[in-house]
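Understanding the architecture of this molecule
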Amino acid sequence: MVRQNMQTDIWKKLKLGFLGACFLALTGCGEVNVSNQIKQDGFIFCGQGTPSSFNPQLVNNDLAADTVAPQIFNTLIHFSNLNSKLEPMLASSWSVDKTGTRYQFNLRKDVSFQTTSWFTPTRLFNAQDVVFTFKRVIDSHHPFHYVGGGHYPWFDAIGFKNILKDVIAIDEHTVVFELNKPDNTFLSNLSTTYASIHSAEYANNLMKIDQKQRLDRYPVGTGPFYLDQFSVNDFIRLRRNPDFWGSPAKMKQVVLDITSRGTGTLAKLLRNECDVLFSPRSSQIPTIQAHPDLELQAYPSMNVAFVALRTLNPALHDSRVRKALNLAINRDSIIDSVYYGYGVPAYSILPPESWAYEKNSSQVRYDRNYARALIRDAGYANGLELSMWVSLEPTAYNPSPRKVAELLQSNFADIGVKLKIFLDERSTFQSIADADLILSGWSADTSDPDNFFRPLLSCNADHTTVNIASWCNADFDSIIDLAKETKQRRYRLNLYHQAQNLLDEEVPIIPIAHGMQFRAKHKTLKGFNENPFNTLSFENVERRK
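The sections below set out a description of the structure shown in this document. (Residues numbered from 1 in each chain as written. Predicted model: local features only at pLDDT ≥ 70, side-chain atom pairs only at ≥ 80, totals over all residues. Heavy atoms only, no water.)

1. Points about the sheet that holds strand β6 (residues 164-171)
Pairing is antiparallel in the open sheet, where four strands are placed in the order β4-β5-β7-β6. The open sheet terminates on both sides in strands that have one partner only, identified here as β4 (91-96) and β6. Averaged over all adjacent pairs, the angle separating strand axes in this sheet is 20 degrees, with direction ignored. Bridge analysis of β6 against strand β7 (residues 174-179) gives six bridges, and the strand direction is antiparallel. Across the sheet, residue Asp 166 finds its bridge partner in β7, namely Glu 178. (Pairing = 2+ DSSP bridges. Helix = DSSP H or I, 4+ residues; strand = E, 2+ residues; numbered from the N terminus. Axes fitted to C-alpha atoms, helices over the stretch in contact; angles between N-to-C directions.)

What follows is the structure, encoded as structure tokens:
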């Protein structure tokens, strides 16, 4: 009975609407007043939907990973926003042995976990928290492994269980990662939000009251903000963490407006009910640029928009059909019509900013006549019908999915392929099983080329929701595996060029474009970080009149 009452009390505290029911009801009379009260010591962020979990380990390219996790959690290391080099975060330093299979991290000694209405820490962050975080992912016998379903999409996609042999606490402030074999991508992978560190003490407390599932619903981290309130499809409120180990966040609160009803996000931004709009649609850009109080920020992003081809379809199993679809796409027209000059045609799944990028315009080009010949040669002279699933949610790599889908439909019609489009308001892959093609994309989590190749196209990723083409090629896997183990950059570069050449021949996915990251914000807000990995940090954001 005590346990039930405590759980109910915590739930009420978390779900309780802030500043009255007016915000939750979204009644027009009070929205501006509520917004103004929040803006006295914080800001309102618009543009994304309700997270499926607050634990980034359990999601992939989700609101929880891209926007919420960097505020609540920290990682051992991170990429600097200034020079994109790895720097210490919760770790103070690290070293690698000569074999390349033993990584030792020395941990900070002054880090506290957040105090929330559902957890009060009694000790500082230590090596046991690191062990707990990663053992949960790799050890099927771990008491928390199957909490939340036992699927860790991003970790599964990169084959993390096969990489990490063990993680061991040497003492309170020293932890060692033992790998099965050398892996040049390991440090980069530890810098992603998916490697956010969780509290082992909090997990042990939940085990005692048989409430393990609350670890992912009521998060506790070491970041600059903690979760204060959450209402599904309405809002998330983050409060400044007074015990943060770094410089305190400049704002006392951040509210994420995730409502799925009422007026659109752009209308809220124009009416000053929102301060920030992330990834606005391309059609909204001229309106934002014309507004005197708004600023449109655009900066490079490591991403790619692509069409995944489901080779289970007999027609798509034929490489001639896949190549024909590739050649039928007029990328320049898509860039002009959709990206408004803030994008470039994609000749590889790697963006031009990648050190392993190779442009092969002979394979990836617009050649309608050759595409028609390939379709006829494949036995579809009388036409071919295919279907394509499209998520309508705008992203950095595709600011207007509906428009891109319509242009692709027109391009394919030119070569005798009739395309039926399935539009989906949700940004999930729950309803794509019957589609032949999937319009999707990828935003990188690290600068390493492996972060594109392995999650999207490796055989390990075929068992996750990331490799949506369900493509598996042993030769491709061998190439990218060698590239991970080889220390010399020039050898890695040669291997990644081989991987791209193989993809040009097989065409499991068709690259379309690389987009820019867009953020529309009120001119009074300063201090947003700019990095190419699509993750946001709010700790330095402040309002200047």
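Continuing now.
2. Thoughts on the packing of helix α17 (residues 450-457) against helix α18 (residues 474-485)
One can describe the packing of α17 onto α18 by two numbers: an axis separation of 11 Å at closest approach and a directional angle of 145 degrees. The two elements α17 and α18 cross, and the hand of that crossing is left-handed. Within the contact between the two elements, α17 uses Asp 450, Phe 453, Arg 454 and Leu 457 and α18 uses Phe 476, Asp 477, Ile 480, Asp 481 and Lys 484. (Left-handed = near helix turned anticlockwise from the far one by under 90°. Contact = heavy atoms within 4.5 Å.)

3. Some thoughts on the pattern of salt bridges
Summed over the entire model, instances satisfying the criterion amount to 22 salt bridges. Residue Asp 448 pairs with Arg 492 through a salt bridge whose shortest N-O separation is 3.1 Å. Taken together, the residues span a long stretch of sequence, with Asp 448 in the loop between β17 (437-443) and α17 and Arg 492 in helix α19 (residues 489-506) at a distance of 44 residues. Of the two residues, Asp 448 and Arg 492, both sit in the buried class. One salt-bridge network, in which partners are shared between bridges, spans Lys 39, Asp 275 and Arg 543. (Salt bridge = Lys/Arg side-chain N within 4 Å of Asp/Glu carboxyl O. Buried < 20%, exposed > 50% of the residue type's maximum accessible area, 1.4 Å probe, protein only.)

4. Considerations on the nonpolar core
Judged by nonpolar contacts, the single largest core of 109 residues is most densely connected at Phe 43, Leu 76, Phe 105, Val 130, Phe 134 and Phe 177. Shared between two domains, this core takes at least three residues from each, and those domains are domain 1 (54-223) and domain 2 (303-516). If sequence neighbours within four positions are ignored, Phe 134 has contacts with Phe 160, Leu 164, Val 167, Phe 177, Leu 190, Ala 195 and Ile 197. (Core = buried A, V, L, I, M, F, W, Y, C linked by side-chain atoms within 4.5 Å. Domains from an automatic or database assignment.)

5. Remarks on the state of the cysteines
Across all of its chains, the model carries two disulfides by this definition. Residue pairing for Cys 46: its cysteine sulfur links by disulfide to Cys 274, the two sulfurs lying 1.7 Å apart. Of this pair, Cys 46 sits in strand β1 (residues 42-46) while Cys 274 sits in the loop between α11 (265-270) and β11 (276-278), and the two are 228 residues apart along the sequence. For the pair shown, Cys 46 and Cys 274 are each scored as buried. Counting its disulfide-bonded cysteines in sequence order, the chain shows a connectivity of 1-2, 3-4. (Disulfide = S-S within 2.5 Å.)

6. Considerations on empty space enclosed by the protein
Following the criterion strictly, the structure yields two cavities of 30 Å³ or more and no others. Considering only enclosed or pocket space, the largest cavity measures out at about 130 Å³ in volume. In terms of lining residues, the largest cavity is bounded by 14 residues, among which Ser 348, Gln 500, Leu 503, Asp 504 and Pro 511 are the most central. Elements that contribute at least two residues to the lining of the largest cavity include exactly α19 and β18 (509-522). With three residues, the top contributor of residues to the lining of the largest cavity is α19. Here the residues of the lining of the largest cavity sort into eight nonpolar, four polar and two charged. (1 Å grid on protein atoms, 1.4 Å probe; cavity = no way out; pocket = protein on both sides within 12 Å on 5 of 7 lines; lining within 4 Å. Points joined across faces, edges and corners; volume = space filled by probe spheres on them. Nonpolar A, V, L, I, M, F, W, Y, C, P; charged D, E, K, R; others polar.)

7. Considering unusual backbone geometry
A positive phi angle is found at Asn 272, which is not glycine, with a value near 70 degrees. Examined against the element boundaries, Asn 272 turns out to sit in the loop between α11 and β11. The residue Ser 470 is not glycine, and still its phi comes out positive at about 55 degrees. Residue classification places Ser 470 among the partly exposed positions, given a relative accessible area of 28%.

8. Some remarks on the packing of aromatic side chains
This structure, assessed with the given rule, holds 26 aromatic pairs. Between Phe 134 and Phe 160, the ring centres sit 6.2 Å apart and the planes meet at 40 degrees, which makes this aromatic pair tilted. Of this pair, Phe 134 sits in helix α5 (residues 127-138) while Phe 160 sits in helix α7 (residues 160-163), placing them 26 residues apart in sequence. On the numbers, 5.5 Å between centres and 15 degrees between planes, the contact of Phe 453 with Tyr 496 is stacked. (Phe/Tyr/Trp six-rings, centres within 6.5 Å; stacked < 30°, edge-to-face > 60°.)

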